[in-house]
Amino acid sequence: MKRIRFKLDKIKDKVRESIKKAKEEHIVRQYVKNNSLFLTYVLMCLINATLLRFFSIQTVSNFLSIKAIMGDLAVISIVGAFGYLCKPKNRFTYYLSFTIFFSAICMINSVYYTFYSSFASVSMLSLTQYVGAVGDAVVENVIQLKDLVYIIPPIILVIVNNKLKKKNYYKKVEVKSERKKKMIKTLCTGCGILALFLVTMTSLDVSRFISQWNKEYIVMRFGIYIYQSADLVSAIQPKINSMFGYDKAKKNFNDYFNEKKEIQTNEYTNIFKDKNVLVIHAESIQQNVIGLEFNGKPVSPNLNKLASEGMYFSNYFSQVSVGTSSDAELTFSTSLMPTKSGTAFVSYPNREYNSLQKLLNEKGYYTFSMHANNADFWNRRTMYKSLGYQKFFSKQDYEVTPENTIGLGLSDIEFFTQSIPKLQKINEENANWYGLMIMLSNHTPFSDIEKYGEFPVDIKETIIHEDGTTEEVVYPYMEGTKLGNYFKSVHYADGAIGNFITQLDEAGLLENTVLVIYGDHDARLPKNDYNRLYNYDKENDKVLDKDDPNYKEYGSYQYELGRKVPFIIWTKDMAGSKYNQEITETMGMYDAMPTLGNMLGVYNEYQLGHDIFNVLGQNIVCFPNGNWVTNKAYFNSQKIEYLSLNGEAISEEEIKYNTEYTNKLLEVSNEMIVYNLLAKDEENEKILKEVEKGI
Ligand code: GP9
Ligand code: MN
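Residues numbered from 1 in each chain as written. Chains lettered and ligands numbered in written order. Predicted model: local features only at pLDDT ≥ 70, side-chain atom pairs only at ≥ 80, totals over all residues. Heavy atoms only, no water.

K.L.:
What exactly am I supposed to notice about the overall build of the protein here?
P.N.:
Broken down by element type, the protein carries 27 helices and 21 strands. In the protein, which comprises 695 residues, the proportion classed as buried is 55%. Residue pairs in contact within the protein that sit at least 24 positions apart in sequence constitute 76% of those at least 6 positions apart. Accessible area of the protein: about 32200 Å², with a carbon and sulfur share of 56%. (Helix = DSSP H or I, 4+ residues; strand = E, 2+ residues; numbered from the N terminus. Buried < 20%, exposed > 50% of the residue type's maximum accessible area, 1.4 Å probe, protein only. Contact = heavy atoms within 4.5 Å. Areas by Shrake-Rupley, 256 points an atom, 1.4 Å probe, with all protein chains shown as cover.)

Next up, the structure:
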């Protein structure tokens, strides 16, 4: 014991001595003076990464996360260390290049986060063509002032460099061995920070880092630069993935479905047997428009009517990832989740899918999709074959002119109108058919307002004065806001649906048809606009104060839960029948195929969702980022906290169970697609060989 104490004292003395020596020799000051360029580079890149966390994740604990700062610092210093190998006069070019590179990473992620509430993935590079097509929408709706702050650090580095030049900073001669020594010292410091960072990692950090579902969590704990490096590796994975780990994935898959016991029938089985099905993919329609009114006029009178006459699933969540519309189509048709990296439509179109379309094909249905956009958008032309569509009516099958265009393409009214003769022909030629109709007009940025028609989103009031005279007062309310424009756009899209139903009826196409409508995903509108919608103070034309008794909380949870979409199943004769009901059970896009399939008399043994009528009171909806929601709670896996939905606390065990359920489901779903597990073995071999050849 004494010996240990003696040794400790000796170390303490040595440290004290070194500090004293350092003070006397001004070592720190000397270091700063001799390494100003490197230190500016480190500081600038670190500030950028911190700002990114601040503007995206937005809680103090996250943006000042020591772990993330350490992770970023380690990467920046390790990369920066090699700058010392350059001669002093070339060093600036090295550091400026990397400052620009790191700033670009932060800027891209900043823009991306606004749009997708997630961080960018290299695998999305293959999807840039689609971003191009909706590019205007992105620029108009998404690039904000906050995305431009990342330009400042490279500018500061240039300014510092100019100052250093004037002070003859680069005139010093450094021999090769001296440069090497500096590099090694800096590299060791960087590795030391990395080692310190690694020992502070928890098992949760490790598992989340490996699984990569939860991008926000990884950025929060590992920093943006480690996240982006790991993402680069996982982007190359689709090719590598399918070459390795097949056996493990296959075993996982077998175990999962062997354990899954599913009830296959209920009172809804076959209620729509041999009926035609017309599915409307309602672009960006959110559930919160249903029932909403301005000046006594409903935003969506037609959807309201369909919801009140049919089966209306009012607690229905979209489960899309970066593949937005295409992910919605995938999950709706196959009951699978979007893939971990890339998108199923673009990265894995050559896989085997068990889809509703294929199951209906087997029963003699003719299957088709109609969408007046470019057939290659989201790689639909190719993927549709794998989903089992027999025909795809795309832009080339419609007459698109500048006059009949709204937003991204052919207006919804025109799209539906031009589709009627096509539908009539299909109906004449086929005993049964299943069709998907993808709407387009209600797509972000909702700025074609003059084409949407009149729908004021202000507040109009008539004031009666004491002398009996009246005065019309108008409060701007949602006019001029993005959300306000969205409501105008929804009103237009809803009108197009109403028009279409009349046309279908006139053409006799509703007699034997089940109409299904789903909102594909939320409209990614600003949270502040919702705050204005729910907390408008008309007297002052601003949002109510937080401590006002009438103020309704609209935080991030309300926003996330507010992203629900409508799901309606309707037939002409359903109103007033026993099927005319509102189903409030929490439900996801992956429950659509099992629920609708059962009504049509088909069953997919590899579905991940459930027939909702078999799981009433106990359903769970998993999201691609690892979050989940039930009737009782919404769990945010980034914050590791939940919001109670029934006012009661939920147990630790329930959280653990649901989280494990979610992670397993996401893993199995991803592996089913990546490893093509639904394919027969010999087909799979063919695909894997193609992958090996780099196709
Ligand atoms: C494009 C349309 C919109 O054809 O479906 O796609 P989104 O941008 O919503 O994914
Ligand atoms: Mn969409």
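K.L.:
Would you explain the confidence of the model for the protein in this entry?
P.N.:
Segments scoring low in pLDDT should not have their predicted coordinates read at a detailed level. Here the protein averages 90 in pLDDT, and 89% of its residues register 70 or above. Segment residues 134-138: pLDDT under 50, and nine contacts once partners within four positions in sequence are set aside and those in other chains are kept. (pLDDT = per-residue confidence, 0-100.)

K.L.:
How should the packing of aromatic side chains be read in this particular structure?
P.N.:
Each pair of aromatic rings is reported with the distance of its centres and the angle of its planes. Applying the stated criterion across every chain yields a total of 52 aromatic pairs. Taken together, a centroid distance of 4.5 Å and an interplanar angle of 20° make the contact between Tyr316 and Phe567 stacked. Of the two residues, Tyr316 sits in strand E4 (residues 311-317) while Phe567 sits in strand E15 (residues 565-570), which places them 251 residues apart along the sequence. In this pair, the class of Tyr316 matches that of Phe567, namely buried. Between Phe332 and Phe567 the ring centres are 6.3 Å apart and the planes differ by 80°, which places this aromatic pair in the edge-to-face class. (Phe/Tyr/Trp six-rings, centres within 6.5 Å; stacked < 30°, edge-to-face > 60°.)

K.L.:
Could you clarify how one ought to interpret the coordination of the manganese ion (ligand 2) in this entry?
P.N.:
Any two of four tetrahedral donors ideally make an angle of 109.5 degrees at the metal, while pairs among six octahedral donors ideally make 90 or 180 degrees. In this structure, Glu283 (OE), Glu283 (OE), Ser325 (OG), Asp520 (OD) and His521 (NE2) serve as the protein donors to the manganese ion (ligand 2), at separations of 2.0 to 2.5 Å. The coordination sphere of the manganese ion (ligand 2) comprises six donor atoms, whose angles at the metal cover 54 to 169°; the geometry is irregular. On the primary sequence, the residues serving as donors to the manganese ion (ligand 2) are separated as E-x41-S-x194-D-H. With Ser325 in helix H16 (residues 324-334) and Asp520 in the loop between strand E12 (513-519) and helix H23 (527-534), this pair connects stretches of sequence that are 195 residues apart. (Donors = N, O, S within 2.8 Å, 3.2 Å for Na, K, Ca; no water. Tetrahedral: all angles 85-135°; square planar, octahedral: opposite > 155°, others 65-115°.)

K.L.:
Honestly, helix H20 (residues 412-429) in this entry has me stumped. Any pointers?
P.N.:
In this model H20 runs 25 Å from its N-terminal to its C-terminal C-alpha over 18 residues, within 8% of the 26 Å that 1.5 Å per residue would give. The principal kink in H20, of about 35°, is found at Ile420, preceding the proline Pro421 by one to four residues. For H20, every residue scored as buried is listed here: Asp412, Phe415, Phe416, Gln418, Ser419, Ile420, Lys422, Leu423 and Ile426. Contacts made by the buried residues of H20 are with strand E1 (276-282), strand E5 (366-370), strand E6 (391-393), strand E8 (409-410), strand E9 (433-438) and helix H22 (482-506). (Expected span 1.5 Å × (residues − 1). Bend = angle between axes of the 7 residues up to and from the residue.)

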